[in-house]
Amino acid sequence: MDFINLKAQYSAYKNEIDSEISKILNNSSFIGGDKLKEFEANLAKYVGVKNAIGCSSGTSALYLALRALGISYDDEVIVPSFTFIATAEVVALVGAKPVFVDIDLDDFNLSIEEVKKAISPKTKAIIAVSIFGQMPDLFAFKKLCDEKNITLIEDGAQSFGASYKDKKSCSIAHISCTSFFPSKPLGAYGDGGAIFCDDDFLAQKIKILLNHGQTQKYNHEFIGINARLDTLQAAILDVKLKYFDDELKTRAKLAANYDKNLKNCQIPKIKKDFISVYAQYSVLVEDRARVIEKFKQANIPYAIHYPIPLHKQPCFKEFSHLELKNSEFISEHILSLPFSAFLKEEEQEKIINLFANL
Ligand SMILES: *Cc1c(COP(=O)(O)O)cnc(C)c1O
């Protein structure tokens, strides 16, 4: 059994993907070009924003967002502690200070009440992560940010395709970022990511920064970086995007089956009016070591997202005195189960049986 069955997904779209890859190889236009523009236009349409900009990873997308906003030394950026390292890493990389805030226990997303307490005159942005594929209430965060003159960034690395009421993930915040890492809901065959925003000025600045700060060939207005999405990945992703909504429907069915039948654990709570894409189907278990032992015996893959909250990471040791109880509790009890649109019925049954017999 695979944790995420990427091989079955490739088999399903093989002819089309192979043909798109071979077109790029034949015309040898590997950087930029029409295919990238086409994919970016399709992304913008799918999400419902004016600008979608492909970039080299979810991490570089977040980095570019901060750079485009001019966030730097002496600035503070509020981030959750229960997330992947990239969310906070980029804040440190631009020289600003990550301010770690606790999460809510119902959806494991940034707690707006805790955020309110953490805002200071130095706060320039809030990065709200849509963890495991479900957004926080970004309308509430946006309202708070507008009142305080702070920028809201959605880290939608895990939530591409999710929605709240009729708005898609990556369409509510001032700037939103996603990742196309192979195991994400929409995955490339290598690294990739995208940035979304309605603001044309910001979009233009991001496009310049991700191409060495270049405004004309060999004229470098800003210190930039190479963070472009390569054309092969754009071509592959453009094929997968066509089938993405079908995959999401299957994911929703599989998640509902887990919800209904899993015993001896706490299933994910999806808030009213929110649709999750279940980047991870993660449950809470009381005695994780014991459950993992059962997974190992049954030869079923599992994962822990994430075993150490960021304020306890060695690279952020100056924040280790913080007590963020919910982040610490969830890190100790979370367990992610095999999940993808290509998870087989009999595989899911095996996992359900394992929980029934705990
Ligand atoms: C995966 C992920 C990222 C980073 O994306 P990459 O494409 O791997 O650089 C950032 N934030 C979160 C929450 C993620 O899950």
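Everything quoted here is computed from the prediction, not taken from an experiment.

What counts, and where the lines are drawn
- Residues numbered from 1 in each chain as written.
- Predicted model: local features only at pLDDT ≥ 70, side-chain atom pairs only at ≥ 80, totals over all residues.
- Heavy atoms only, no water.
- Helix = DSSP H or I, 4+ residues; strand = E, 2+ residues; numbered from the N terminus.
- Polar contact = N/O pair within 3.5 Å; in protein donor to acceptor, adjacent residues only side chain to side chain.
- UniProt positions renumbered as here; feature names shortened; annotations may be inferred.
- Contact = heavy atoms within 4.5 Å.
- Core = buried A, V, L, I, M, F, W, Y, C linked by side-chain atoms within 4.5 Å.
- Buried < 20%, exposed > 50% of the residue type's maximum accessible area, 1.4 Å probe, protein only.
- Domains from an automatic or database assignment.
- Pairing = 2+ DSSP bridges.
- Axes fitted to C-alpha atoms, helices over the stretch in contact; angles between N-to-C directions.
- Parallel < 35°, antiparallel > 145°, perpendicular 65-115°, else oblique.
- Left-handed = near helix turned anticlockwise from the far one by under 90°.
- Nonpolar A, V, L, I, M, F, W, Y, C, P; charged D, E, K, R; others polar.
- Near = heavy atom within 4 Å.
- Areas by Shrake-Rupley, 256 points an atom, 1.4 Å probe, with all protein chains shown as cover.
- 1 Å grid on protein atoms, 1.4 Å probe; cavity = no way out; pocket = protein on both sides within 12 Å on 5 of 7 lines; lining within 4 Å.
- Points joined across faces, edges and corners; volume = space filled by probe spheres on them.
- Phe/Tyr/Trp six-rings, centres within 6.5 Å; stacked < 30°, edge-to-face > 60°.
- Lys NZ or Arg CZ within 6 Å of the ring centre and 35° of its normal.
- Patch = residues over 30% accessible without salt bridge, like charges linked within 9 Å, V, L, I, M, F, W, Y side chains within 5 Å.
- Salt bridge = Lys/Arg side-chain N within 4 Å of Asp/Glu carboxyl O.

A. The arrangement of the side chain of His305 in detail. Along the polypeptide, His305 turns up in the loop between α9 (288-297) and α10 (325-333). A distance of 2.7 Å separates polar atoms of two side chains, one belonging to His305 and the other to Ser336.

B. Just the UniProt feature "modified residue: N6-(pyridoxal phosphate)lysine" (unreviewed entry) in the chain, in detail. The UniProt entry lists Lys184 under the feature "modified residue: N6-(pyridoxal phosphate)lysine" (unreviewed entry), expressed in the numbering used here. For Lys184, the residues in contact, after removing those within four places along its chain, are Ala157 and Ser179.

C. How the structure looks around the nonpolar core. Counting residues in hydrophobic clusters, the biggest one holds 35 residues, and the most contacted among them are Leu64, Leu66, Val77, Val91, Phe100, Ile127 and Ile195. Breaking this core down by element, the ones donating at least two residues are β1 (51-55), α3 (58-68), β2 (76-80), α4 (86-93), β4 (123-129), β8 (175-179), β9 (193-197) and α7 (200-209). Broken down by element, this core gets its largest block of residues, seven residues, from α3. Residue-level mapping places this core at the junction of two domains, with at least three residues from each of domain 1 (6-241) and domain 2 (244-356). Apart from the residues lying within four places of it in its own chain, the contact partners of Leu64 are Cys55, Ile195, Ile206, Leu209, Leu210, Ile225 and Ala227. Phe39, Tyr46, Val47 and Val49 belong to the second-largest nonpolar core, a separate cluster that totals 23 residues.

D. View of the UniProt feature "active site" (unreviewed entry) in the chain. Mapped onto this structure's residue numbering, the UniProt feature "active site" (unreviewed entry) falls at Lys184. Here Lys184 lies in the loop between β8 and β9.

E. Just α4, in detail. All buried positions along α4 are accounted for by Ala86, Thr87, Ala88, Val90 and Val91. For α4, the secondary structure elements touched by its buried residues are α3, β2, β3 (97-101), β4 and β5 (151-155). Positive backbone phi, at 90 degrees, marks Gly95, one or two positions downstream of α4.

F. Summary view of the sheet that holds β2. Spatially, seven strands are ordered β1-β9-β8-β5-β4-β2-β3 in an open sheet, and the strand pairing comes out mixed. Pairing within the sheet leaves two strands with one partner each, and these edge strands are β1 and β3. Averaged over all neighbouring strand pairs, the angle between strand axes comes to 20 degrees, with direction disregarded. In this structure, β8 lies alongside β9, joined through four bridges in antiparallel fashion. Across the sheet, Cys177 pairs through a bridge with Ile195, a residue of β9.

G. Summary view of the packing of α3 against α4. Closest axis-to-axis distance for the α3/α4 pair is 9 Å, and the angle between their directions is 40 degrees. On the basis of their axis angle, the class for α3 and α4 is oblique. Two packed elements cross with a definite hand, and for α3 against α4 that hand is right-handed. On α4, the residues touching Thr59, Leu62, Tyr63 and Leu66 of α3 are Ala86, Thr87, Glu89, Val90, Val91 and Leu93. Residue composition of the contact of α3 with α4, by class: seven nonpolar, two polar and one charged.

H. A look at the site of the ligand. The immediate surroundings of the ligand are formed by 16 residues, with Gly58, Thr59, Asp155, Ser179 and Lys184 found nearest. Interatomic distance of 2.7 Å between a backbone N/O atom of Gly58 and an oxygen atom of the ligand. In this structure, an oxygen atom belonging to the ligand sits 2.8 Å away from a side-chain N or O atom of Lys184. With the chains in place, 93% of the 380 Å² that the ligand exposes on its own is no longer accessible. Listed by contribution, the elements that provide at least two residues to the shell around the ligand are α3 and α4. A breakdown of the residues in the shell around the ligand according to their chemical character gives six nonpolar, eight polar and two charged.

I. Quick look at empty space enclosed by the protein. Scanning the model with the defined rule gives two cavities of 30 Å³ or more in all. Volume-wise, the largest cavity comes out at about 110 Å³. As for the largest cavity, its lining consists of 14 residues, of which Ile131, Phe132, Gln134, Pro268 and Ile270 are closest to the centre. Among the residues forming the lining of the largest cavity, the class breakdown is six nonpolar, five polar and three charged.

J. Representation of the packing of aromatic side chains. Tallied over the full model, the rule gives 26 aromatic pairs. With 6.0 Å between their ring centres and 85 degrees between their planes, Phe82 and Phe132 make a pair best called edge-to-face. Placement of Phe82 in the loop between β2 and α4 and of Phe132 in the loop between β4 and α6 (138-148) is noted, with a sequence separation of 50 residues between them. Per residue, the accessibility class of Phe82 equals that of Phe132, and both read buried. Every member of this aromatic cluster is reached through a ring pair, and the members are Phe39, Tyr46, Phe160, Phe180, Phe196 and Phe244. Taking the ring centre of Phe222 as reference, the NZ or CZ of Lys205 above it sits at 4.9 Å. Across the ring face of Phe274, the terminal group of Lys271 is positioned such that the distance to the ring centre comes to 4.0 Å.

K. A look at a nonpolar patch on the surface. On the surface, Leu25, Phe30 and Ile31 cluster together into a nonpolar patch covering about 280 Å² of accessible area. Take Leu25: it is sitting in helix α1 (residues 6-27).

L. Broad picture of the packing of α9 against helix α11 (residues 345-356). Taken N-terminus to C-terminus, the directions of α9 and α11 make an angle of 135 degrees; their axes are 11 Å apart at the nearest point. Considering their axes alone, α9 and α11 lie oblique with respect to each other. Crossing hand, α9 versus α11: right-handed. Every residue of α11 that contacts α9 at Val291, Lys294 and Phe295 is listed here: Ile351, Leu354 and Phe355. A class-by-class count of the residues in the contact of α9 with α11 yields five nonpolar, no polar and one charged.

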